[in-house]
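Letter by letter, the chains look like this.
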Amino acid sequence: MESINKTRISEFLLLGFSEEQGIKPLIFGLFLSMYLVTVFGNLLIILAVSSDAHLHTPMYFFLSNLSFVDICFTSTTIPKMLWNIQSQNKAITYEGCIIQMYFFILFVCLDDFLLTMMAYDRFVAICRPLHYMVIMNPRLCGLLVLVSWVMSALNSLLQSLMVLRLSFCTDLEIPHFFCEINQMVRLACSDTFFNDMLFYFAAGVFGFLTLTGILYSYSKIVSSIREISSAQGKYKAFSTCASHLSMVCLFYCTSLGVYLSSAATQSSHSSAAASVMYTVVTPMLNPFIYSLRNKDIKRALERIIEMAATKGPTVLGLK
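Fair warning: this is a prediction, and the values are worked out from it, not measured in the lab.

**Student:** Help me out: how do you make sense of the state of the cysteines in this one?
**Tutor:** Covalent bonding between the sulfur atoms of two cysteines defines a disulfide. Evaluation of the coordinates by the stated rule reveals one disulfide. Between the sulfur atoms of Cys97 and its disulfide partner Cys179 the distance amounts to 1.9 Å. Between Cys97 and Cys179, the disulfide has an S-S torsion of -120° and is therefore left-handed. Of this pair, Cys97 sits in helix H4 (residues 94-127) while Cys179 sits in the loop between strand E3 (173-174) and helix H7 (181-186), and the two are 82 residues apart along the sequence. Since its relative accessible area comes to 0%, Cys97 is described here as buried. Here Cys127 is not disulfide-linked; the sulfur of Cys241 is the nearest cysteine sulfur, at 8.6 Å.

Next comes the structure, spelled out in structure tokens:
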């Protein structure tokens, strides 16, 4: 009987945030604006890092990868939500839902890994400055990013395959704006014990261990900064970590807050609204955090703007 129910599934319904027609244009405009700012801002970070030779360092290599992942992260969920609002159609195909869930998990895991690698990079830079270029060599940085992609892809594939084995009955409404794995598992008619175990195991490995690595790195960084005698030296050392620390706090506090609150209240609609913080707001704010608090990025962006401003009149003159 379960296999029969499963074969009949053609689509899910993404309920989103509000049923009121008057609010939907406001939601559409708000999310479209945030999506465009996210894509444009992160593309600027990638362009600044790739165009400035002074930024060809491990820290900015990881930052450019994080910007790329954030663009993909938001592109996994927001365009589909905007299309559903514009077309007034809440449906998403079963296959599309599984694909969206796969890429969402993939990019969340990559965010975790990249933030951990950036913390390790700051740890080596402050605590082992004389050996920094030896330890953080291009081969190691590339290998770390490659391993992160492989592990994230394998975890996402396993999670998705476990959802594929589930059977779904008549209730196919997902009270979210994207196919979130927990919401999909709750709709299943079959036993979800192994799905729950795998989810919590993966959350422990990819969430707890990466957060532990970040906290350990910063505990060592704080110890090293305290040993610096001059106040100016302490400020300079801390300023190199300020942007990354802001990103870590924003991402982990919002994501942990969403899952802890959803587990406590069991309110799907409040969880959907809260998840906007780490799925949309955090990727949008990352470029601002780094561009506003980082002089190197500022200078690179200013050069790009100056080049665009000088080339613009030239092009217009040729026309």
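**Student:** Can you help me understand helix H6 (residues 138-164) in this one?
**Tutor:** Because each turn of an α-helix spans 3.6 residues, side chains separated by three or four positions in sequence point in the same direction. For H6, spanning 27 residues, the distance from its first C-alpha to its last is 39 Å, which sits close to the expected 39 Å at 1.5 Å a residue. For H6, the complete set of buried residues consists of Cys141, Val145, Ser148, Ser152, Asn155, Ser156, Gln159, Ser160, Met162 and Val163.

**Student:** Help me understand the pattern of salt bridges, please; the structure alone is not making it clear to me.
**Tutor:** When the charged atoms of two side chains with opposite charge come close together, those side chains can pair. The tally for this structure, following the rule as stated, stands at three salt bridges. A salt bridge links Arg122 to Asp121; its shortest N-O distance comes to 2.8 Å. In terms of burial, Arg122 and Asp121 fall into one category: buried.

**Student:** Please explain the packing of H4 against helix H8 (residues 193-226) as it appears in this structure.
**Tutor:** Relative orientation and spacing of two packed helices are given, respectively, by the angle between their axes and the distance between those axes. Contact geometry of H4 with H8 gives a least axis separation of 9 Å together with a crossing angle of 20°. Relative to H8, H4 is oriented roughly parallel. H8 is crossed by H4, and the crossing has left-handed handedness. Across the interface between the two elements, Cys109, Asp112, Phe113, Leu115, Thr116, Ala119, Tyr120, Arg122, Phe123, Ile126 and Cys127 from H4 touch Phe206, Gly207, Thr210, Ile214, Ser217, Tyr218, Lys220, Ile221, Ser224 and Ile225 from H8. Classifying every residue of the contact of H4 with H8 by side-chain character gives 13 nonpolar, five polar and three charged.

**Student:** Mind showing me how you'd approach the pairing of strand E1 (residues 11-14) here?
**Tutor:** Looking along a regular strand, one sees the side chains alternate between the two faces of the sheet. Here E1 shows a buried face lined by Phe12 and Leu14 and an unburied face lined by Glu11 and Leu13. Alignment of E1 against strand E2 (residues 91-93), held across three bridges, turns out to be antiparallel. By the bridge assignment for E2, Phe12 is matched with Ile92.

Conventions adopted
- Here, residues in each chain are numbered from 1, in the same order as that chain's written sequence.
- Side-chain atom pairs in this predicted model are given and counted only at pLDDT of 80 or more, local residue features only at pLDDT of at least 70, and totals for whole chains, interfaces and linings cover all residues.
- Where side-chain values are given, they derive from all heavy atoms of the structure, hydrogens and water being excluded.
- For the purposes of this analysis, a disulfide is any pair of cysteine sulfur atoms at a distance within 2.5 Å.
- To qualify as a helix, a DSSP run of H or I must reach at least 4 residues; to qualify as a strand, a run of E must reach at least 2; elements of each kind are numbered from the N terminus.
- Buried residues are those whose accessible area, probed at 1.4 Å on protein chains only, stays under 20% of the maximum for their type, while exposed residues exceed 50% and partly exposed ones sit between those limits.
- By this rule, a helix spans an expected 1.5 Å times one less than how many residues it contains.
- A carboxyl oxygen of Asp or Glu within 4 Å of a side-chain nitrogen of Lys or Arg is what we treat as a salt bridge.
- In this analysis, axes come from line fits to C-alpha atoms, helices being fitted only over the stretch in contact, and the angle between any two N-to-C directions falls in the range 0 to 180 degrees.
- Angles are sorted into four bins: roughly parallel if under 35 degrees, roughly antiparallel if over 145, roughly perpendicular if 65 to 115, and oblique for all others.
- The crossing is said to be left-handed when, going from far helix to near helix, the turn is anticlockwise and less than a right angle, and right-handed when the turn is clockwise.
- In what follows, a contact means two residues having at least one pair of non-hydrogen atoms within 4.5 Å.
- Each residue gets one label: Ala, Val, Leu, Ile, Met, Phe, Trp, Tyr, Cys and Pro are nonpolar, Asp, Glu, Lys and Arg are charged, and the others, such as Gly, are polar.
- Here, any two strands with at least 2 DSSP bridges between them count as paired.

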